[in-house]
Amino acid sequence: MSEMEKGPGYSPESERPESRQLTREEVVERIGRGEDLERARLCDLDLAGLYLEKRKFRGADVRGLKLFREDQAEAANVRETDWTDATVGDFGAETVFAYADAEGATFGFTETLNARRERQARAGGKPKVEDSGAYLNFNGQQAKFGRSRWNNIDFGGACDSYESRFQGADLERAVFAGCDLTNIDLSTSKFDDLTVEDPVSLAGMAIAAEQVEAVARGLRYSDP
């Protein structure tokens, strides 16, 4: 399968994470053994303060994951981690990356948003949230996302009060590729060298007046 688009026969059922929920202690043990956490079930887990740099979380279920503990001001180190095809968004508890160091991390999906939506239209009915491609209730406030990459993500801007949040986040040299940026608020984010490749939508995106030139400079379209 292509790393950028999955074919008509693709089914998300074949990439489900492990059925058993892991505990923080089990995560620490796996990390101590040098293992990754691909396809792990980490829902609502508190991993604040852990050193998780360069680990792979591909295909994991991380809905409600907390990488920041406000009472102790502790954030996790998730630099250069890979969250490709992880289930991140839901209408329940926030997935909290706030204040985390996620420099150089990769987020999103291998299936493009257009391919996903076409597949769902063929199937009919309402798609499950696990197959939405959306980062609903994703809290990235004040996080370090420099050099990060975001592929084929719907940031939930069409779902009022469930959209992703990036207030105060550092997005210097970040790349958003094939994403739906509807109503996303980047007005307080830092992103002088942000690149936006083939956006599905920019409708309602909020930026500060002084950021207009940077956004325009960073737009890239493969189809002229």
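Rules used in this analysis
- Residue numbering note: each chain is counted from 1, following its sequence as written.
- Whole-chain, interface and lining totals are the exception, using all residues; otherwise, since this is a predicted model, local features are given only for residues with pLDDT of at least 70 and side-chain atom pairs are given and counted only at 80 or more.
- Heavy atoms throughout the structure, all of them, feed into the side-chain values; hydrogens and water do not.
- The numbering of helices and of strands both runs from the N terminus, where a helix is a DSSP run of H or I of at least 4 residues and a strand a run of E of at least 2.
- As defined in this context, the radius of gyration uses C-alpha atoms, and a globule is described by 2.2 Å times the residue total to the power 0.38.
- Partly exposed residues are those whose accessible area sits between 20% and 50% of the maximum for their type, while under 20% is buried and over 50% is exposed, using a 1.4 Å probe and protein chains only.
- Each pair of strands is called paired provided DSSP finds at least two bridges between the two strands.
- Whether two aromatic rings pair depends on their centres lying within 6.5 Å, for rings of Phe, Tyr and Trp, where Trp uses its six-membered ring; planes under 30 degrees apart make the pair stacked, over 60 edge-to-face, and the rest tilted.
- The directions considered for the arc are those from the helix axis to the C-beta atoms.
- N or O atoms within 3.5 Å of each other form a polar contact, as long as, within protein, one can give a hydrogen and the other can take it, and as long as residues adjacent in sequence are counted only when both atoms are side-chain atoms.

## Concerning the overall build of the chain
Link 1 in the chain: Looking only at helices and strands, one finds three helices and 10 strands in the chain.
Link 2 in the chain: Going from N to C terminus, the chain has its helices and strands arranged as α-β-β-β-β-β-α-β-β-β-β-α-β.
Link 3 in the chain: At 17 Å, the chain has a C-alpha radius of gyration in line with the 17 Å of a compact globule built from 224 residues.
Link 4 in the chain: Once the C-alpha set of the chain is aligned to its principal axes, its extents read approximately 50 × 40 × 30 Å.
Link 5 in the chain: Relative to its full complement of 224 residues, the chain shows a buried share of 50%.

## Looking at the sheet that holds strand β9 (residues 195-197)
Link 1 in the chain: With respect to topology, six strands assemble into an open sheet ordered β3-β5-β7-β8-β9-β10, the strand pairing being parallel. If you trace the sheet from one side to the other, it starts and ends with β3 (82-84) and β10 (219-220), each paired once.
Link 2 in the chain: Judged from the three bridges that link them, strand β8 (residues 175-177) and β9 form a sheet pairing that is parallel. Looking at the pairing, Ala177 lines up with Glu197 of β9.

## Let's talk about the packing of aromatic side chains
Link 1 in the chain: This structure, assessed with the given rule, holds 25 aromatic pairs.
Link 2 in the chain: For the ring pair Tyr135 and Trp150, a centre distance of 6.5 Å and an interplane angle of 70° mean the geometry is edge-to-face. With Tyr135 in the loop between α2 (113-123) and β6 (138-139) and Trp150 in strand β7 (residues 149-151), this pair connects stretches of sequence that are 15 residues apart. Like Trp150, Tyr135 is buried.

## A word on α2
Link 1 in the chain: Within α2, burial applies to Leu113, Ala115, Arg116, Arg119 and Gln120. An end-on view of α2 places all buried positions within 165° of arc, on one side of the element. Turned more than 90 degrees off the buried face of α2, the exposed positions are Ala121 and Arg122.
Link 2 in the chain: A positive phi of about 75° marks Gly124, the residue just after α2.

## Focus: the side chain of Arg69
Link 1 in the chain: Structurally, the position occupied by Arg69 is in strand β1 (residues 68-69).
Link 2 in the chain: One polar contact links Arg69 to Asp46, side chain to side chain, over a distance of 3.2 Å.

## Describing unusual backbone geometry
Link 1 in the chain: Not every positive phi belongs to a glycine, and Arg173 is a case in point at roughly 65°.
Link 2 in the chain: Residue position: Arg173 is located in the loop between β7 and β8.
Link 3 in the chain: Even without being glycine, Asn183 reaches a positive phi, approximately 60°.

## Quick look at helix α1 (residues 24-32)
Link 1 in the chain: Along α1, the residues that are buried comprise Val27, Arg30 and Ile31. In a view along the axis of α1, the buried residues occupy a sector of 100°, so they form one face of it. In this structure, α1 carries Glu25 and Gly32 as exposed residues pointing more than 90 degrees from its buried face.
Link 2 in the chain: Immediately downstream of α1, the backbone of Gly34 shows phi near 80°, a positive value.

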